[in-house]
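Each chain, written out:
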Amino acid sequence: MADQFRDQINTARRAGYTDDELIGYLKDKDPRVTQALTAGYAPTEILQYLAPKLSTGEEFVRKAGVAVRGATEALAPAAAGATTGFMLGGPIGAGVGALAGGLAVPASDIAVQGYNKLTDSNVRLPSQVISSMIPGPRAETPVERVVQSSTGALTGTGGAVAAGRAIAQGPNVVQGLKAIGTEAARRPVGQMVTAPLATAAGQTVTEATGNPLAGLAAGVATGTAAGVRPIKRGAVPTIEELSARSKANYDVLDQSNFQLDNTQFTTHMGGLAGKLRSSAGFDPRIMPDVDAALAQLTSGNPKNIQELTTLRTIVGNAAKSTKPAERLAASQLLDEFDDYVMNAPASAVVTADKKALAAWKEARADYSKMKKGEMISNILDNAEVSQGSKEANIASQLSALAKNQKKMRFFSPDEQQAIRDAAKGGTLQSMLRTLSKFTPMTPAAAIFTAVNPLGAYTAAAGMAAKSLAETRRTQEVNRLASRMRLGETPPIIEGISANQPVFFSRSAQNMLGPVQQNQNALAP
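Residues numbered from 1 in each chain as written. Predicted model: local features only at pLDDT ≥ 70, side-chain atom pairs only at ≥ 80, totals over all residues. Heavy atoms only, no water.

> Would you mind going over the overall build of the protein chain in detail, with residue names and values included?
From N to C terminus, the protein chain includes 25 helices and five strands. Residues classed as buried in the protein chain amount to 41% of the 524 residues present. Of the contacts formed within the protein chain by residues at least 6 apart in sequence, a portion of 72% connects residues at least 24 apart. Total accessible area on the protein chain stands at roughly 27600 Å², and carbon and sulfur atoms take up 60% of it. (Helix = DSSP H or I, 4+ residues; strand = E, 2+ residues; numbered from the N terminus. Buried < 20%, exposed > 50% of the residue type's maximum accessible area, 1.4 Å probe, protein only. Contact = heavy atoms within 4.5 Å. Areas by Shrake-Rupley, 256 points an atom, 1.4 Å probe, with all protein chains shown as cover.)

> Just give me the short version of the environment of Glu183, but keep the residues and values in it.
Mapped onto the secondary structure, Glu183 falls in helix α8 (residues 175–184). A residue is classified by how much of its surface remains accessible, and Glu183, at 25% relative accessible area, is partly exposed. Once residues lying within four places of it in the same chain are set aside, the contact partners of Glu183 are Gln191, Ala498, Pro501 and Val502.

> An account of a nonpolar patch on the surface is requested, with residue identities and associated values reported.
Taken together, the side chains of Val228, Ile231, Ile492 and Ile496 make up a nonpolar region of the molecular surface, amounting to roughly 350 Å² of accessible area. For Val228, the position within the fold is in the loop between α10 (212–226) and β1 (232–233). (Patch = residues over 30% accessible without salt bridge, like charges linked within 9 Å, V, L, I, M, F, W, Y side chains within 5 Å. Salt bridge = Lys/Arg side-chain N within 4 Å of Asp/Glu carboxyl O.)

> Pulling in residues and values, what's your account of the packing of aromatic side chains?
Describing an aromatic ring pair means giving the distance of the ring centres and the angle of the ring planes. One pass over the full model with this rule turns up two aromatic pairs. With centroids separated by 6.3 Å and ring planes inclined at 85°, the aromatic side chains of Phe265 and Phe337 adopt a geometry described as edge-to-face. Here Phe337 lies in helix α16 (residues 324–342) and Phe265 lies in helix α12 (residues 262–270), a separation of 72 residues in the sequence. Neither residue differs from the other here; Phe265 and Phe337 are each classed as buried. Aromatic pair Phe265 and Tyr340: ring centres 5.6 Å apart, planes at 80°, arrangement edge-to-face. In this pair, Phe265 is assigned in helix α12 and Tyr340 in helix α16, connecting sequence segments 75 residues apart. Considered together, Phe265 and Tyr340 belong to a single accessibility category, that of buried residues. Taken together, the ring pairs in this structure connect Phe265, Phe337 and Tyr340 into an aromatic cluster. (Phe/Tyr/Trp six-rings, centres within 6.5 Å; stacked < 30°, edge-to-face > 60°.)

> Tell me about the packing of helix α7 (residues 142–169) against α8, and name the residues and values.
How two helices pack is summed up by the angle between their axes together with the distance between the axes. At their nearest, the axes of α7 and α8 sit 7 Å apart, and the two run at 145° to each other. Regarding α7 and α8, the two cross each other, and that crossing is left-handed. The residues of α8 that touch α7, namely those facing Ala160, Val161, Gly164, Arg165, Ile167 and Ala168, are Leu177, Lys178, Gly181, Thr182 and Ala184. Tallied by class, the residues present in the contact of α7 with α8 amount to six nonpolar, three polar and two charged. (Axes fitted to C-alpha atoms, helices over the stretch in contact; angles between N-to-C directions. Left-handed = near helix turned anticlockwise from the far one by under 90°. Nonpolar A, V, L, I, M, F, W, Y, C, P; charged D, E, K, R; others polar.)

> Account for the confidence of the model for the protein chain, naming residues and giving values.
Taken residue by residue, the protein chain gives an average pLDDT of 80. The fraction at 70 or more is 89%. When the elements of the protein chain are averaged for pLDDT, helix α25 (residues 514–518) gives the smallest value, 49, and helix α14 (residues 288–297) the largest, 92. Note that residues 516–524 has pLDDT below 50 and, in this model, 32 contacts with residues that lie over four places away or in other chains. (pLDDT = per-residue confidence, 0-100.)

> Could you give an account of helix α20 (residues 413–424), with specific residues and numbers?
Taking 1.5 Å as the rise per residue, α20 with twelve residues should run 16 Å; its terminal C-alpha atoms sit 17 Å apart, in good agreement. Within the sequence span of α20, burial applies to Glu415, Gln416, Ala418, Ile419, Ala422 and Ala423. The arc that holds every buried residue of α20, seen down its axis, measures 160°, which confines them to one face. In α20, those exposed residues whose orientation departs by more than 90 degrees from the buried face are Pro413, Asp414 and Lys424. One or two residues past the end of α20 sits Gly425, with phi positive at roughly 85°. (Expected span 1.5 Å × (residues − 1). Arc of directions from axis to C-beta.)

> An account of the packing of α14 against α16 is requested, with residue identities and associated values reported.
The contact between α14 and α16 brings their axes to 9 Å, and the two run at 20°. Relative to α16, α14 is oriented roughly parallel. Across the interface between the two elements, Pro288, Asp289, Val290, Ala293, Leu294 and Leu297 of α14 pack against Glu326, Ala329, Ala330, Leu333 and Phe337 of α16. Taken together, the residues of the contact of α14 with α16 break down into nine nonpolar, no polar and two charged. (Parallel < 35°, antiparallel > 145°, perpendicular 65-115°, else oblique.)

> For the environment of Arg327, give the residues involved together with the corresponding values.
Note that Arg327 resides in helix α16. According to the relative accessible area criterion, Arg327 is partly exposed, its value standing at 34%. Every residue in contact with Arg327, bar those within four places of it in the chain, is listed here: Ala318, Ala319, Ser321 and Thr322.

> An account of the side chain of Gln509 is requested, with residue identities and associated values reported.
Among the structural elements, Gln509 can be located in helix α24 (residues 500–511). Under the relative-accessibility criterion, Gln509 is labelled buried at 15%. Within polar-contact distance, the side chain of Gln509 engages the side chain of Arg506 at 3.3 Å. The residues touching Gln509, leaving out its near neighbours within four places in the chain, are Gly102, Leu103 and Pro106. (Polar contact = N/O pair within 3.5 Å; in protein donor to acceptor, adjacent residues only side chain to side chain.)

> Describe the pattern of salt bridges, naming the residues involved and giving the relevant values.
One pass over the full model with this rule turns up 17 salt bridges. With a closest N to O distance of 2.7 Å, Glu144 and Arg62 form a salt bridge. With a gap of 82 residues between them, Glu144 in helix α7 and Arg62 in helix α5 (residues 56–119) connect regions that are remote in the sequence. In this structure Glu144 comes out as buried when scored by relative accessible area, which is 1%. On the basis of relative accessible area, Arg62 is assigned to the buried category, the value being 11%. What you see here is one network of salt bridges that share partners, running through Arg312, Asp335, Asp338, Lys371 and Glu374.

Next comes the structure, spelled out in structure tokens:
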């Protein structure tokens, strides 16, 4: 009897009644209270004697009991559905029954609430009936209701994920049912982590506002936001993979004694000195590496695959010169070499069988992709070591590439348009670049920041805009490089909203659970 009285008093305390209010109620019902008041004891002292507050250990046990109740209330309908489904359809039926059981209670609660409103009745909700059958402490405070609802969301989601996996992995499952199971089990870890967090957020909003619909919206919004994932695209070959594929084809060509016509090759390369002189100021006296590379290109060595590979390495080494002028001339020479090798006419091939010609075609395709990928990736490499804004440097290099007709010949019309679009950057990129000018990195911007009352906020916005602008530019260049290496835009395997259906539905279902429903979630 004493324990029951203590539980009643503590329940009243959790409901918000003060010790004075409780004593005022009890003094007419218990003579001991009147005697204690007459003797001079304070209401708090009297209640501490008659019904001591829960100790820390008792509070922990109570919270644990509330959590267990939440888990049990969530699992009970799913377990009942799984049992019925197993008897009717074995393991697959159990999975279907578990999913159906988990949905049945929230759906029934909504239907009953609608009926009560339409008929002005007071039929008990199915979730309330189930809750009344479960022993243990009930949630009586905002914190306890958050604990109960989030624990129920965790176990309910875990049961749904397990049921979905059982359906998806079961043998001889019809396609439509398998699709439902696959969706229910999508991103299992993400669902398990998000469910209690989203439900706790929603229940907290309900407690703070007294509006279950606001809580429902908050819980669904939290779960939906957590379900957003980066776009997942198809695999793109790396430079190393393209090089390995080209090498495999080159090995075939090497074994077939593949050769380019030496006369045509040397005649073409022999005319490059004059072009380099007019376009890059080539002078053999001050650009010895380029002069040596030109000498090798016009040598009489047979132009088989091994020799072509060696020649490109020689020209590539010249392009790494420490002298800017020589580096520019060598880079142009490398472009001329690559252009000839990739676009050599059929008449330039003097020794090759049918298999070798097929390998040559494939090798040139991979070589072209590798070359174009390198040209785009080099933009980022150059920006990393440049002075000034990285974003502006990337934009400048993209614009220069888009205007370079000779280099743009390497790219298909679609690729050329993608480069032009990347160079323009779009409206958002322009806005970010403008905002980034408020970064206090220049004297003028620093003075503006100092005299402006909102200088600190302006500087912070500028820094954030600068970082985001650089990130977007870097992503754009990386996407371009991936497109060049693949030969097309990488296909989207999983979009940004692929997880939204299951995260949305799970959040909504969890927020329509027993705790929310007991507060009449359909109330205006």
